[in-house]
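Topology and contacts: notes
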Amino acid sequence: MVRRLMPVVAAALLAGLIVGGVSRGSSSKEGSQQRNFRALDVTVEEHFVDVDGNKDFSPGDEFIFTDDLKTPSGSKKIGSLTGICTFTQTVSDEDSTGHCVGTATVHGGAIEIAGLVHFSNQTDFVLAITGGTHSYDEADGQVFGKDQQDGTTLLRFDVD
C-alpha cells in the first residue's frame, strides 16, 4: 500500500514546471504576473517512518521523499522536489490524510508548498504555494497534481 500512495504524496507535494520554457501571463493582482509551470514528478528516493510500529499509516507516521522534476515529456531534468508528509488521520488501509510540506527547486529559486493530502483512490490534488526564494520571492498560488498510470505525477504550478 505504501508504494501505491508514494506517487500521490510526491505529486501532492507538490512542484512543477515548464513545457518548453516559462510562460507568463497577466494576473488579477495589479502589477504582478502569473507564472505557470508544468513538470513530471519522478520519485528518486522515499522512506516511510512508522512511529508507532504498527506497520501501517497512522497519526504521527511520516513519509519522506526526494523526486526529480522533469519536462512533461520526461526527457530533461529541470529541478527537484523534496518533502515530508505527517499522517494526521487514518480511516482505513485505503484512506488516510496527511499534512504535507515540500520545496521545489527550479529555475533559479525555490517554491514552498503545503497542505492536506487525502491518500485514497483519488488521483488529483491541490496544494497551496506558501512562499519562495530568489526568482520566486513572495510567491503564492496553487499546485495541481494528477497521478499518471506509470507511477509518475504531472504537476502544474500556478504561481502568482
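Everything numeric in this text was worked out from a predicted model, so none of it was measured.

Calculation criteria
- Residues numbered from 1 in each chain as written.
- Predicted model: local features only at pLDDT ≥ 70, side-chain atom pairs only at ≥ 80, totals over all residues.
- Heavy atoms only, no water.
- Helix = DSSP H or I, 4+ residues; strand = E, 2+ residues; numbered from the N terminus.
- Buried < 20%, exposed > 50% of the residue type's maximum accessible area, 1.4 Å probe, protein only.
- Contact = heavy atoms within 4.5 Å.
- Areas by Shrake-Rupley, 256 points an atom, 1.4 Å probe, with all protein chains shown as cover.
- Disulfide = S-S within 2.5 Å.
- pLDDT = per-residue confidence, 0-100.
- Core = buried A, V, L, I, M, F, W, Y, C linked by side-chain atoms within 4.5 Å.
- Patch = residues over 30% accessible without salt bridge, like charges linked within 9 Å, V, L, I, M, F, W, Y side chains within 5 Å.
- Salt bridge = Lys/Arg side-chain N within 4 Å of Asp/Glu carboxyl O.
- Phe/Tyr/Trp six-rings, centres within 6.5 Å; stacked < 30°, edge-to-face > 60°.

**Quick look at the overall build of the protein chain**
Looking only at helices and strands, the protein chain has one helix and nine strands in total. Helices and strands appear in the protein chain in the N-to-C order α-β-β-β-β-β-β-β-β-β. Per-residue burial over the protein chain gives 42% buried out of 160 residues. Taking contacts inside the protein chain between residues at least 6 apart in sequence as the whole, the part at least 24 apart equals 50%. For the protein chain, the exposed surface amounts to about 7800 Å²; the carbon and sulfur share of it is 49%.

**Some words on the state of the cysteines**
Overall, the coordinates contain one disulfide when judged by the stated rule. Two residues share a disulfide in this structure: C85 and C100, whose sulfurs sit 2.0 Å from each other. Judged by the sign of its S-S torsion, about 115°, the cystine formed by C85 and C100 is right-handed. With C85 in strand 4 (residues 77-92) and C100 in strand 5 (residues 95-106), this pair connects stretches of sequence that are 15 residues apart.

**A few points about the confidence of the model for the protein chain**
Confidence along the protein chain averages 79 in pLDDT terms, with 76% of residues attaining 70 or more. Confidence, expressed as mean pLDDT per element, reaches its minimum in the protein chain at strand 1 (residues 23-26) with 33 and its maximum at strand 3 (residues 62-70) with 96. For residues 1-34, every residue scores under 50 in pLDDT, and the model assigns this stretch 112 contacts once sequence neighbours within four places are set aside.

**Examining the environment of A139**
Positionally, A139 belongs in the loop between strand 7 (124-134) and strand 8 (141-147). Sequence spacing of A139 and V159 is 20 residues, and the spatial spacing of their C-alpha atoms is 6.2 Å.

**Description of the nonpolar core**
Counting residues in each nonpolar core, the largest one holds 26 residues, and the members touching the most others are I111, I113, F157 and V159. Counting only elements with at least two residues in this core, the list comes to strand 2 (33-49), strand 3, strand 4, strand 5, strand 6 (109-119), strand 7 and strand 9 (153-159).

**Quick look at a nonpolar patch on the surface**
On the surface, V49, V51 and I64 cluster together into a nonpolar patch covering about 220 Å² of accessible area. Position of V49 relative to the elements: it lies in strand 2.

**Concerning the pattern of salt bridges**
Under the defined criterion, the tally for this structure stands at three salt bridges. Across the salt bridge formed by R156 and D158, the nearest N and O atoms sit 3.2 Å from each other. With a relative accessible area of 32%, R156 lands in the partly exposed category. Since its relative accessible area comes to 16%, D158 is described here as buried.

**Some points on the packing of aromatic side chains**
All chains considered together, the criterion is met by two aromatic pairs. The interplanar angle of 75° and the centroid separation of 5.5 Å between the aromatic rings of F37 and Y136 together place this pair among those described as edge-to-face. A residue pair is termed long-range when its members are at least 10 positions apart, and F37 in strand 2 and Y136 in the loop between strand 7 and strand 8 qualify at 99 residues. Of the residues examined, F37 reaches a relative accessible area of 2% and is grouped as buried. Using a relative accessible area of 2% as the deciding quantity, one classes Y136 as buried. With centroids separated by 5.5 Å and ring planes inclined at 25°, the aromatic side chains of F63 and F65 adopt a geometry described as stacked.

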